[in-house]
Amino acid sequence: MLYIVCYDIADNRRRYRIARALLGYGERIQESVFECHLDHTRLRRLQAELRPLLDETADRLRYYPLCGKDAALVA
């Protein structure tokens, strides 16, 4: 399934680490937005990898799944 992963990270160091990790899972389409083709296992692995990098009081990270019809519009 195609996911749009986007973030708003307050700290430059954390932002760099999040972006570097996401590059291993998908393609950057804007500064803080990635397209990632993930099955359930890879999604959980990505979430587990990113969770410790976040400051939950200051940062925001969102995963938006796209259905097949919407994913076709992106391609």
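This write-up is about the structure you can find in this document. Bear in mind that the values here come from a model prediction, so they are computed numbers and not experimental data.

### Concerning helix H2 (residues 40-50)
Inspection of H2 places Leu-43, Leu-46, Gln-47 and Leu-50 among the buried residues, and these make up the whole buried set. Angular distribution of buried residues about the axis of H2 spans 100°; they occupy a single face of the element. The secondary structure elements touched by the buried residues of H2 are strand S1 (2-8), helix H1 (12-23) and strand S4 (60-66). With a side-chain oxygen positioned 3.2 Å from the backbone nitrogen of Thr-41, the residue opening H2 is Asp-39.

### A look at the sheet that holds S4
On the basis of which strands lie adjacent, the open sheet formed by four strands has the order S2-S3-S1-S4 and antiparallel pairing. The sheet is open, and its two borders are formed by strand S2 (26-30) and S4, each paired with just one other strand. Taken pair by pair, the neighbouring strands of this sheet meet at an average axis angle of 25°, ignoring direction. Here S1 pairs with strand S3 (residues 33-37) via five bridges, running antiparallel. Residue Val-5 lies in a different strand from S3, and its bridge partner there is Phe-34. H2 rests against S1, S3 and S4 of the sheet, and its axis sits at about 170° to S4.

### Quick word on the side chain of Asp-59
Its location among the elements puts Asp-59 in the loop between H2 and S4. In terms of polar contacts, Asp-59 uses its side chain to reach the backbone amide nitrogen of Ala-10, at 3.0 Å. Setting aside its immediate chain neighbours within four residues, Asp-59 contacts Asp-8, Ile-9, Ala-10, Asp-11, Arg-14 and Leu-54.

### Concerning the pattern of salt bridges
For side chains bearing opposite charge, pairing can occur when the charged atoms are close. Across all of its chains, the model carries one salt bridge by this definition. Among the ionic pairs, Arg-14 bridges to Asp-59, the shortest N-O distance being 2.8 Å. With Arg-14 in helix H1 and Asp-59 in the loop between H2 and S4, this residue pair connects regions lying 45 residues apart in the sequence. By relative accessible area, Asp-59 is classed as buried at 5%.

### Description of the pairing of S3
Among the five residues that make up S3, four are buried, leaving the element largely enclosed by the rest of the structure. As defined by bridge partners, S2 adjoins S3 across four bridges and the pair is classed as antiparallel. The residue bridging Arg-28 from the neighbouring strand is Phe-34, located in S3. Joining the antiparallel neighbours S2 and S3 is a turn of two residues.

Rules used throughout
- Residues numbered from 1 in each chain as written.
- Predicted model: local features only at pLDDT ≥ 70, side-chain atom pairs only at ≥ 80, totals over all residues.
- Heavy atoms only, no water.
- Buried < 20%, exposed > 50% of the residue type's maximum accessible area, 1.4 Å probe, protein only.
- Helix = DSSP H or I, 4+ residues; strand = E, 2+ residues; numbered from the N terminus.
- Arc of directions from axis to C-beta.
- Contact = heavy atoms within 4.5 Å.
- Polar contact = N/O pair within 3.5 Å; in protein donor to acceptor, adjacent residues only side chain to side chain.
- Pairing = 2+ DSSP bridges.
- Axes fitted to C-alpha atoms, helices over the stretch in contact; angles between N-to-C directions.
- Salt bridge = Lys/Arg side-chain N within 4 Å of Asp/Glu carboxyl O.

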